[in-house]
Every structure is written in C-alpha cells, then in structure tokens.
Amino acid sequence: LMNLDGKTPEQLGFPDKNQLELSDRWILSRFHQVTQQIRDQVDHYGLGEAAKLLYEFIWGDFCDWYIELVKPRLQGEDTASRRVAQQTLAYVLEETLKLLHPFMPHITEEIWHTVTQNDETSGKTLALQVYPVPDSTLINPDLEQQFELLIGTIRTIRNLRAEADIKPGVRIEAILQTESEQEEHILKSGQPYIQDLAKVQTLRINQPQTLPV
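Residues numbered from 1 in each chain as written. Predicted model: local features only at pLDDT ≥ 70, side-chain atom pairs only at ≥ 80, totals over all residues. Heavy atoms only, no water.

Draft legend 1. Here's a closer look at the overall build of the protein chain. A count of helical and extended segments in the protein chain gives eight helices and two strands. Listed N to C, the secondary structure of the protein chain is α-α-α-α-α-α-β-α-α-β in terms of helices and strands. In terms of principal-axis extent, the alpha carbons of the protein chain reach across some 75 × 40 × 35 Å. Every one of the 213 residues in the protein chain was classed for burial, and the buried ones make up 42%. Within the protein chain, residue pairs in contact and separated by at least 24 positions form 72% of the contacts whose partners lie at least 6 positions apart. (Helix = DSSP H or I, 4+ residues; strand = E, 2+ residues; numbered from the N terminus. Buried < 20%, exposed > 50% of the residue type's maximum accessible area, 1.4 Å probe, protein only. Contact = heavy atoms within 4.5 Å.)

Shown next as structure tokens:
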C-alpha cells in the first residue's frame, strides 16, 4: 500500500499484457492457476485444501517472492516499469482478498475497504463482489516451472552464504554451471532476480571458474 502512491486498484487499472515483465507474468499465472484450483476444491467441498492453497500462495508466492522481486522497480527511476509493478501488485492483492473472504470474512472486509478506499457510506462491500474467475490466457505452466528453477537457485545461494557465514550485506561472486541449454537460458533471463535477492555482485553462468595455481 505504501508503494501505490495512494491509488486504488481501480485507479491504477490492469497492466498492459505487452508490458508485463517476467515476474509479473509469473505471479499472474500463479494467481489464476490457484484461483482455478481453489474453485475446483470448493466445488467438491475441499475447504481445507482450498485454504491451504491460499495460504501457500499468499505467504509463499506473493509475499516471500513477488513483493521482494519488484522492490527494485518500485524504488527505481523507470516510471513505466514501476507503474506495471504497482498495477500488478494492486490487482493481485484485491483479487486475493476476494478469494480469501469466505475463509476470513471480517479482516478481509476491513483490508478491502482500505485498499479500494470505499468507506461504509458507499454501500459497497467485499461480500458482494464477484468471486474471482481464472483467466486461462494468463496461466503459463512452463513459466511457473522455469521460475521454480530461479527460486531454487536463489535459495541455494542463500544457503551457501549462510553456511559460509557471509554477512547479509556483503555481495559475492557466483558461478552457475548447467549442461542444459534450456536451464542456461532461464538462468540468464532471471539473472537480475538472482543478483538482487541472493546479494550477488558478479554472476557468471556457464563460464569456467579460473582457479588459483
């Protein structure tokens, strides 16, 4: 909310699909994939599983990863990229509140009024909003799988840093090796994310390490 410049999701609008960056396309795919899964679970009375899916999406995909991934854009000088990040954040936040409302009605209603800036006199309530419907054109299983490689790489580097007792603020040099051309392409496309979240100063992908004699 602090990064939306006081604007509502409606005021910001949905981002132009042609301007979406890799992380934007990933979180939108995850959201609509989870929306489909939740609707399927609810239709078959799988409320516990639906709640678990929501929990994992909100805390894992949205909070742990997407918000962290877009921080440089929100704080950067590229106004177009910043606006797309704002639009994506606002859209996913509001739609997630709608998904969560049947499970946590009171707190989601309160947060929704804050996000949308609809006061009690407006007569609008979250309870009367249309429940999210998945958009199949935004679901990309291949992209989600590719992003798992990036997330796994970031986690591995973070774990290695911890094992080596490297201070959080220290940026390191990292070398990634893979025999898969596809993996190499994915790692290179996600290089800025790896460098930012794993605190890597210099990242070399599929370049032999020069060892001291």
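Draft legend 2. Region of the structure containing the packing of helix 2 (residues 22-43) against helix 3 (residues 47-74). Relative to each other, helix 2 and helix 3 sit at 170°, their axes nearing to 10 Å. Of the possible angle classes, the one that applies to helix 2 and helix 3 is roughly antiparallel. Taken together, the residues that form the contact of helix 2 with helix 3 break down as 16 nonpolar, three polar and five charged. (Axes fitted to C-alpha atoms, helices over the stretch in contact; angles between N-to-C directions. Parallel < 35°, antiparallel > 145°, perpendicular 65-115°, else oblique. Nonpolar A, V, L, I, M, F, W, Y, C, P; charged D, E, K, R; others polar.)

Draft legend 3. Here's a closer look at the side chain of Thr96. Locating Thr96 in the fold gives a position in helix 4 (residues 79-100). Owing to a relative accessible area of 6%, Thr96 belongs among the buried residues under this scheme. Among the polar contacts listed, one links the side chain of Thr96 to the backbone oxygen of Val92, at a separation of 2.6 Å. (Polar contact = N/O pair within 3.5 Å; in protein donor to acceptor, adjacent residues only side chain to side chain.)

Draft legend 4. Fine view of the environment of Thr88. The residue Thr88 is located in helix 4 in this model. A residue is classified by how much of its surface remains accessible, and Thr88, at 0% relative accessible area, is buried. Distance in space between the C-alpha atoms of Thr88 and Ala51 is 23 Å, their sequence separation being 37 residues. When near neighbours in sequence (up to four residues on either side) are disregarded, Thr88 contacts Pro15, Leu20, Asp24, Ile27, Leu28 and Tyr66.

Draft legend 5. The arrangement of the side chain of Arg82 in detail. Positionally, Arg82 belongs in helix 4. At 2.8 Å, the side chain of Arg82 forms a polar contact with the side chain of Asp5. Excluding anything up to four places from it in sequence, Arg82 contacts Asn3, Asp5, Arg73, Leu74 and Gly76.

Draft legend 6. Representation of the pattern of salt bridges in the model. In this structure the tally under the stated criterion is nine salt bridges. For Glu68, the salt bridge is made with Lys71, and the minimal N-O distance between the two is 3.0 Å. Of this pair, Glu68 and Lys71 both sit in helix 3, three residues apart, which is roughly one turn of the helix. On the basis of relative accessibility, which here comes to 28%, the residue Glu68 falls in the partly exposed class. Taking the relative accessible area as the measure of exposure, Lys71 reaches 35% and is therefore partly exposed. Through salt bridges with shared partners, a single network forms among Glu21, Asp24 and Arg73. (Salt bridge = Lys/Arg side-chain N within 4 Å of Asp/Glu carboxyl O.)

Draft legend 7. Expanded view of a positive patch on the surface. Taken together, the side chains of Arg155, Arg158, Arg171 and Lys199 make up a positively charged region of the molecular surface. Within the element layout of this structure, Arg158 appears in helix 6 (residues 141-163). Here Arg158 falls in the partly exposed class, since its relative accessible area comes to 36%. (Patch = residues over 30% accessible without salt bridge, like charges linked within 9 Å, V, L, I, M, F, W, Y side chains within 5 Å. Areas by Shrake-Rupley, 256 points an atom, 1.4 Å probe, with all protein chains shown as cover. Lys, Arg positive; Asp, Glu negative; His and termini not counted. Charge placed at Lys NZ, Arg CZ, Asp CG, Glu CD.)

Draft legend 8. Representation of the pairing of strand 1 (residues 172-176) within the structure. Residues Ile172, Ala174 and Leu176 point to one face of strand 1 and are all buried, whereas Glu173 and Ile175, pointing to the other face, are not buried. Pairing of strand 1 with strand 2 (residues 200-205), which is carried by five bridges, proceeds in the parallel orientation. Within strand 2, the residue paired with Leu176 across the bridge is Ile205. (Pairing = 2+ DSSP bridges.)

Draft legend 9. The arrangement of unusual backbone geometry in detail. Phi at Tyr45 is positive, roughly 60°, even though this residue is not glycine. Within the secondary structure layout, Tyr45 lies in the loop between helix 2 and helix 3. On the accessibility criterion, Tyr45 (74% relative accessible area) is exposed. Even without being a glycine, Lys199 presents a positive backbone phi close to 55°. According to the relative accessible area criterion, Lys199 is partly exposed, its value standing at 32%.

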